[in-house]
Amino acid sequence: MEHRGLKYSGFKVIKEALTGHKGWKPVWRTPKPREEYDVVIVGGGGHGLATAYYLAKEFGITNVAVLEKGWIGSGNVGRNTTIVRSNYLLPGNEPFYEFSMKLWENLEQDFNYNAMVSQRGILNLFHNDAGRDAYARRGNAMILAGADAVLLDQDGVRQMYPCLDFENARFPIKGGLLQPRGGTVRHDAVAWGYARGADSRGVDIIQNCEVTGMVIENGICRGVETSQGTIKAKKIAVCVAGSSSRVMSMAGMRLPIESHVLQAFVSEGLKPILPGVVTFGAGHFYVSQSDKGGLVFGGDIDGYNSYAQRGNLPVVEDVCEGGMALMPMIGRARLLRMWGGVMDMSMDGSPFIDKTHIDGLYFNGGWCYGGFKATPASGWCYAHLLAKDKPHPVATEYRLDRFKRGAMIDEKGVGAQPNLH
Amino acid sequence: MIIHHPLLGPRDASEFVYKGDASLINRPDWQADNAPELFHDYLYLRDNPAGEHQELWYHEQGDRSWLVVTRNTLTHDITNVELARDVAFAKQANKSGRVEKSGRGKK
């Protein structure tokens, strides 16, 4: 293939600019599925493509297909609010997310693609003493896991974000927990960069190929039925967060997951006002400003089972109320776009990267609405599990049987309900 | 979404609290030999269907009744609403183990 081995460079960009951009080629192939692969990855989203990329690059397994029912990156990797961070509390989570953060930091050099990784910092605000205590504890947990954290007082926050409503009568801003290495990443480019990197190493990315059934013989998964025929494989790696229950039901499995809708919003373009990511501590509202100037924000899930990829107005009102409480100037901005994505809401708010009880069938899902930041580590750890049949050291807790064992990873500390984070 | 309450008529869904799959009515037998396993499945596992879904809604901002709402998770269309107590009593009456339509719901 002509595009293989082509490296992007500043020289190439200038050359193409001067010659009418006629030299650019498609960056991945459109192959027909072969009869059999070593590994078939179901789901061409961020996590699935990252899994294929790291399987090929880090573990030397290149006889791999990624099956995507639509076009790659058409699901949640293109619907999130692009935030990356590793500000978790629990030992089962924080090392994993810090591993992901380190991969983000070197991602563009690693896959030679501009993903616009911008470490502009993420600031979680607190509004009372209890909030400060909780964030001091969280910050210490982050530092113990090798991440970075700075506890800011009110003046510290005021210097960074003078536009916020510090003297709000109900929720005055008392300070915040800052992770300077957090930030945002161009989410589509993450999918494209991983796809290009996987394809150039021999992975077949097969789009418009919906999985319609599992081929299971004597308790062993030997392949998948698809809209493009049966494809055999030694290992089937399901990676379809949002639709996990639907796909795994083809193997007769019920999961500790409900699918819920999460909405996200973009305002009209504004002059630069927010240098980083800010989250409101008294309600659920998070916001950053895109390079085009739009305020990108979101809040709670709608709160009922849904596969509709669109939400309802009460949550729009709730999210905008959070925005108004945090930064009243947002009230003068018009909402440009809003959309919804389907979230795998697990019963403790934490994900799964695990083998199933069916030999050859592997599962990655349950990312709730925090899957984007996890993309590199999810791909790496899933590839590790597929290649070595052992969990990666930072992903040992993401087991499907953890509820049976009483080993939930319950960041919020509220028990079994599928509406956490 | 508008939920047609069997007693109060059309009410906005924001008056309600959502609880989840209506199979949560079917609490397992705590004296069964495999009760821990039954309760694990009851508490954590879900069918999570794409399409018709029977689910519990609590009218917290209204008459505090529990409802069983039949709603399509792909379209958000609501096709049937019943009082959860009617559903539970109907289930007790025929002991079939699954949520039955009581016939009192509004289409």
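Positions within a chain are numbered from 1, following the residues in the order the chain's sequence is written. Ligands are numbered from 1 and chains lettered from A, in the order in which they are written. In keeping with the model being predicted, local features are shown solely for residues with a pLDDT of at least 70 and side-chain atom pairs are shown and tallied solely at 80 or more, while totals for entire chains, interfaces and linings include all residues. Computation of side-chain values covers all heavy atoms of the structure but excludes hydrogens and water.

Naming follows an unreviewed UniProt entry, where chain B appears as Sarcosine oxidase subunit delta of Kiloniella litopenaei.

For chain A, an unreviewed UniProt entry supplies the name Sarcosine oxidase subunit beta and the organism Kiloniella litopenaei. UniProt positions are given in the numbering used here, feature names are shortened, and annotations may be inferred rather than shown by experiment. Quoted verbatim from the Sequence similarities (unreviewed entry) heading of the UniProt record, the comment on chain A is "Belongs to the SoxB family." Under the heading Subcellular location (unreviewed entry), UniProt records this for chain A: "Cytoplasm".

(A) Representation of the nonpolar core within the structure. Residue and element names in this part refer to chain A. Residues enter a nonpolar core if they are buried and are Ala, Val, Leu, Ile, Met, Phe, Trp, Tyr or Cys, with the set joined through side-chain atoms within 4.5 Å. The buried label applies to any residue whose accessible area, calculated with a 1.4 Å probe on protein chains only, is under 20% of its type's maximum; exposed applies above 50%, and partly exposed to all values in between. Ranked by size, the top nonpolar core spans 55 residues in total, and within it I41, Y54, F96, Y194 and I353 carry the most contacts. Counting residues per element, the ones that place at least two in this core are β1 (36–42), α2 (46–59), β2 (64–67), α3 (94–105), α4 (107–111), α7 (187–200) and α10 (375–388). Whether two residues are in contact is decided by their heavy atoms, any of which lying within 4.5 Å being enough. What F96 contacts, discounting residues up to four positions off in sequence, is I353, W367, A374, A377, S378, C381, V394, A395 and Y398. Within the second largest apolar cluster, 30 residues are counted, among which are A65, V211, M214 and M248. Helix and strand assignments follow DSSP, with helices taken as H or I runs no shorter than four residues and strands as E runs no shorter than two, numbered in order from the N terminus.

(B) Up close: the side chain of A:E268. All names here are of chain A. Tracing the sequence through the fold places E268 in strand β12 (residues 257–269). Polar contact criterion, stated in full: a pair of N or O atoms within 3.5 Å, where within protein one must be able to donate a hydrogen and the other to accept it, and residues adjacent in sequence count only if both atoms are side-chain atoms. A polar contact of 2.8 Å, which involves the side chain of E268, links it to the backbone nitrogen of R334. E268 has contacts with G293, G294, L295, R332, A333, R334 and L336, leaving out every residue within four places of it along the chain.

(C) View of the interface of chain B and chain A. Between chain B and chain A, the contact holds 22 residues from the first and 23 residues from the second. Here the quantity called buried area is the accessible surface, traced with a 1.4 Å probe, that two parts lose on coming together, added over both. Summed over both sides, the interface between chain B and chain A buries roughly 2,100 Å², with carbon and sulfur atoms accounting for 53% of that surface. What counts as a salt bridge is simple: a side-chain nitrogen of Lys or Arg found within 4 Å of a carboxyl oxygen of Asp or Glu. Taken together, the links from chain B to chain A amount to two salt bridges. B:D47 serves as the salt-bridge partner of A:R254, at 2.7 Å between the closest nitrogen and oxygen. Connecting chain B to chain A are 13 residue pairs in polar contact (both at pLDDT 80 or more). Only β3 (17–21), α1 (35–44) and β4 (52–58) of chain B provide two or more residues apiece to the side of chain B that touches chain A.

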